[in-house]
Amino acid sequence: MLRNDVVWRKQLSVDKILQDYRVAEVIEKYCPNGLFGEDKQGFPILYYYFDLDLKGLVRSASKADVLKSMVHTMERVYRCFQEQSKKHDKVIDALNVVFDLENLALKHITYKPGVELCVELVQMIEDHYPETLRTLNIVNAPKIFPIAYAIIKPFLTDHTKNKIRMYGNDWQQKLIQDIDMDQIPVFFGGQARGPDGDPKCSHAICYGGEIPQHYYLQCSKQAIDKTKMDMAVVNKRGNHMMEYFVQQPASLIRWEFITEENDIIFGVYMKKDGTPVEKLKMCDLINVLIPQRCNSHLVPEIGSFIAEQPGNYVVVFDNSYSWTKSKTLWYKVDVLLPSEGLTG
């Protein structure tokens, strides 16, 4: 478990993410959450007001960007732990969450790409930020909440499930048992206001909302020049592999791809031996970039990976999970030398 976490942190450059990674504008503006205040014991509070345009988000940002933005948020939380520990001269290592589900609707739990994205976010947090939760306070849950919870529950640890508190109409009175009024925004029933008297404290908390269509990346997919890309049909229960030789350490492997109708899994590997690529099996490969199921039928998938050592790398488009559907794939993969990667 620890080794997997070390590998994951290295592959995503987690230790430098707060300095080097800029969260996409659409995520920053329309993904509802925000750190604000502390409870009576000094533990920080993360507020979620679930006014999330899931369909708009999936069409406006790649899954990789959404996941990485959550890593960015969690690293901010851990930095906050350090600051709070120093402030109160004791160990602060857990987070209170206030989760307002007033706007949870059937459209959220019936939109499959959005549900899959939420599940992946939960799995990532449980795998790599375990036992971070102090309390999860759920308020204003609508009647369909049990359906949504049934989807997420199998991916929650017992630790997380034991930290969940469901409140009824008296939820504001319940919150102030653990949190002082001046640490709760007026919008959530407290007394805190932001600059210019803002009752939502929007300077610290994003409240989401419908994503304008000019953020949608679907138009980018339509505008891609396929004449500059290779095409392949990835058969059901199959995969498509391409081999690239990296001569110099710190070279950049860069990719761009779309699929015509359905998602696909993408990963980067190194070969264990000299087996020709047409005879390779997955067991012959060493993973160097965590495989990711990509919504490349909705938005173009664009990314890169720094190859730290020379060798034979294999890019894999994996459709082995699909029993019924082949995938039409358009892709472009380049290997850039370190000097080219800085300017390319």
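Described below are features of the structure shown in this document. (Residues numbered from 1 in each chain as written. Predicted model: local features only at pLDDT ≥ 70, side-chain atom pairs only at ≥ 80, totals over all residues. Heavy atoms only, no water.)

1. What about helix 7 (residues 112-128)?
The end-to-end C-alpha distance of helix 7, which contains 17 residues, comes to 24 Å, matching closely the 24 Å that a straight helix rising 1.5 Å per residue would cover. Those residues of helix 7 lying buried are Pro113, Gly114, Val115, Glu116, Leu117, Val119, Glu120, Leu121, Val122, Met124, Glu126 and His128. (Helix = DSSP H or I, 4+ residues; strand = E, 2+ residues; numbered from the N terminus. Expected span 1.5 Å × (residues − 1). Buried < 20%, exposed > 50% of the residue type's maximum accessible area, 1.4 Å probe, protein only.)

2. Here's the deal with the pattern of salt bridges
On inspection of all chains with the given rule, the structure shows 16 salt bridges. As a salt-bridge pair, Glu308 and Lys10 come within 3.4 Å of each other at their nearest N and O atoms. With Glu308 in the loop between strand 11 (301-307) and strand 12 (311-318) and Lys10 in helix 1 (residues 2-11), the pair connects residues that are 298 residues apart, well separated along the chain. Of the two residues, Glu308 and Lys10, neither departs from the other in class, the shared state being exposed. Arg134 is the salt-bridge partner of Asp39, the closest N and O atoms lying 3.1 Å from each other. Separated by 95 residues along the polypeptide, Asp39 in the loop between strand 1 (34-38) and strand 2 (44-49) and Arg134 in strand 4 (residues 133-139) bring together distant segments of the chain. (Salt bridge = Lys/Arg side-chain N within 4 Å of Asp/Glu carboxyl O.)

3. Some words on the packing of helix 5 (residues 63-88) against helix 7
The geometry of helix 5 relative to helix 7 is characterised by a closest axis approach of 10 Å and an angle of 35° between their N-to-C directions. Between helix 5 and helix 7 lies a crossing whose hand is right-handed. Note on element contacts: helix 7 touches helix 5 through Leu117, Glu120, Leu121, Met124 and Ile125, opposite Lys63, Val66, Leu67, Met70 and Val71. (Axes fitted to C-alpha atoms, helices over the stretch in contact; angles between N-to-C directions. Left-handed = near helix turned anticlockwise from the far one by under 90°. Contact = heavy atoms within 4.5 Å.)

4. Thoughts on the sheet that holds strand 2
On the basis of which strands lie adjacent, the open sheet formed by 5 strands has the order 1-2-3-4-5 and mixed pairing. If you trace the sheet from one side to the other, it starts and ends with strand 1 and strand 5 (164-166), each paired once. This sheet shows a mean twist of 25° between the axes of neighbouring strands, independent of strand direction. Both strand 3 (residues 95-100) and strand 4 contribute to a ladder of 6 bridges, which runs parallel. Across the sheet, the residue bridging to Val97 is Leu136, located in strand 4. (Pairing = 2+ DSSP bridges.)

5. Comments concerning the nonpolar core
Ranked by internal contacts, the top residues of the largest apolar core, which has 50 residues, are Ile27, Leu57 and Val71. Put simply, the parts of the chain that give this core at least two residues each are helix 3 (25-30), strand 2, helix 4 (54-60), helix 5, strand 3, helix 7, strand 4 and helix 8 (145-152). When residues of this core are assigned to their parent elements, the largest contribution, 8 residues, is made by helix 5. Counting residues in hydrophobic clusters, the runner-up holds 23 residues, among them Trp255, Leu289, Phe305 and Val315. (Core = buried A, V, L, I, M, F, W, Y, C linked by side-chain atoms within 4.5 Å.)

6. Quick notes on the environment of Leu101
Tracing the sequence through the fold places Leu101 in the loop between strand 3 and helix 6 (106-109). As for Leu101 and Ile138, which are separated by 37 residues in sequence, their C-alpha atoms are 7.2 Å apart. In this view, Leu101 contacts Phe50, Ile138, Val139, Asn140, Ala141, Pro142 and Phe145; residues no more than four positions away in its chain are not counted.

7. Details of the packing of aromatic side chains
A complete count under the given rule lists 18 aromatic pairs for this structure. A ring pair is formed by Tyr48 and Phe99, whose centres lie 5.2 Å apart and whose planes are at 40°; its orientation type is tilted. Note that Tyr48 is positioned in strand 2 and Phe99 in strand 3, a separation of 51 residues in sequence. You can call Tyr48 buried: its relative accessible area is 16%. You can call Phe99 partly exposed: its relative accessible area is 22%. Arranged with centres 5.5 Å apart and planes meeting at 55°, the rings of Tyr78 and Tyr129 form a pair that is tilted. Residue Tyr78 is found in helix 5, and its partner Tyr129 is found in the loop between helix 7 and strand 4; the two are separated by 51 residues along the sequence. Relative accessible area serves as the criterion here: at 30%, Tyr78 is assigned to the partly exposed category. (Phe/Tyr/Trp six-rings, centres within 6.5 Å; stacked < 30°, edge-to-face > 60°.)

The values reported here are purely geometric and, on their own, carry no functional implication.
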